[in-house]
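Structural features, examined
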Amino acid sequence: MIQSQETLDNLFRDFKKKLENIGMNQSEAAEQLHITRSHLNKVINKRTDPSLKLIQEMERFVYGE
C-alpha cells in the first residue's frame, strides 16, 4: 500500500507541475479529464480517492500514451 500511495503522490506532484509548465488551470484540466474542477482539486489535494479510470487519464495527461 505504501508503494501505491507513493506512486499516487508522485502522479499528483507531476500533474501539478505539468499544469504549471503548460499554463493550464485546474478548471481547464478538469474539463479535459471530464470531471469537475472541485473533484479534481479534492483528488490532487488527497481529500478524496481517485477512480482507476481517473488515475489512468491523469497518467496519460502527464506522461503521454
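All values derive from a computational prediction rather than experimental measurement. In this numbering scheme, every chain counts its residues from 1 along its sequence in written order. Totals for whole chains, interfaces and linings use all residues, but because this is a predicted model, local features are given only for residues with pLDDT of at least 70 and pairs of side-chain atoms are given and counted only at 80 or more. Only hydrogens and water are set aside when side-chain values are computed; all heavy atoms of the structure are taken into account.

A few words on helix H2 (residues 26-33). With a 1.4 Å probe rolled over the protein chains alone, any residue whose accessible area is under 20% of its type maximum counts as buried; one over 50% counts as exposed, and the rest are partly exposed. Helix numbering and strand numbering both begin at the N terminus, where a helix is a DSSP run of H or I of at least 4 residues and a strand a DSSP run of E of at least 2. The complete set of buried residues in H2 reads Ala29, Ala30 and Leu33. Taken end-on, H2 shows its buried residues confined to a sector of 100°, consistent with a single buried face. Phi turns positive, to about 65°, at His34, one or two residues after H2. The arc under discussion is defined with respect to the helix axis, by the directions toward the C-beta atoms.

Any Lys or Arg side-chain nitrogen found within 4 Å of a carboxyl oxygen on Asp or Glu counts as a salt bridge. Considering all chains together, one arrives at three salt bridges under this definition. A salt bridge links Asp9 to Lys46, with the shortest nitrogen-to-oxygen separation between them at 3.2 Å. A residue pair is termed long-range when its members are at least 10 positions apart, and Asp9 in helix H1 (residues 2-22) and Lys46 in the loop between helix H3 (37-44) and helix H4 (52-63) qualify at 37 residues. Measuring nitrogen to oxygen at the nearest pair gives 3.1 Å for the salt bridge that ties Arg13 to Asp14. Classification of Arg13 as partly exposed rests on a relative accessible area of 41%. Owing to a relative accessible area of 17%, Asp14 belongs among the buried residues under this scheme.

Let us now look at the nonpolar core. With 17 residues, the main nonpolar core has Leu11, Phe12, Phe15, Leu40 and Met58 as its most contacted residues. For this core, the elements supplying multiple residues, two or more each, are H1, H2, H3 and H4. By convention a nonpolar core is built from buried Ala, Val, Leu, Ile, Met, Phe, Trp, Tyr and Cys residues, the set being connected through side-chain atoms within 4.5 Å.

To continue, consider the packing of H2 against H3. One can describe the packing of H2 onto H3 by two numbers: an axis separation of 8 Å at closest approach and a directional angle of 100°. Here H2 lies roughly perpendicular to H3, going by the angle between them. Here H2 contributes Gln26, Ser27, Ala29, Ala30 and Leu33 to the contact with H3, which in turn contributes Arg37, Leu40, Asn41 and Ile44. Its residues assigned to classes, the contact of H2 with H3 comprises five nonpolar, three polar and one charged. Convention adopted: a line fitted to C-alpha atoms gives each axis, helices being fitted over their contacting stretch, and angles between N-to-C directions are expressed from 0 to 180 degrees. Roughly parallel means an angle under 35 degrees; roughly antiparallel means over 145; roughly perpendicular covers 65 to 115; every other angle is labelled oblique. Every residue pair with non-hydrogen atoms within 4.5 Å of one another is taken to be in contact. Each residue gets one label: Ala, Val, Leu, Ile, Met, Phe, Trp, Tyr, Cys and Pro are nonpolar, Asp, Glu, Lys and Arg are charged, and the others, such as Gly, are polar.

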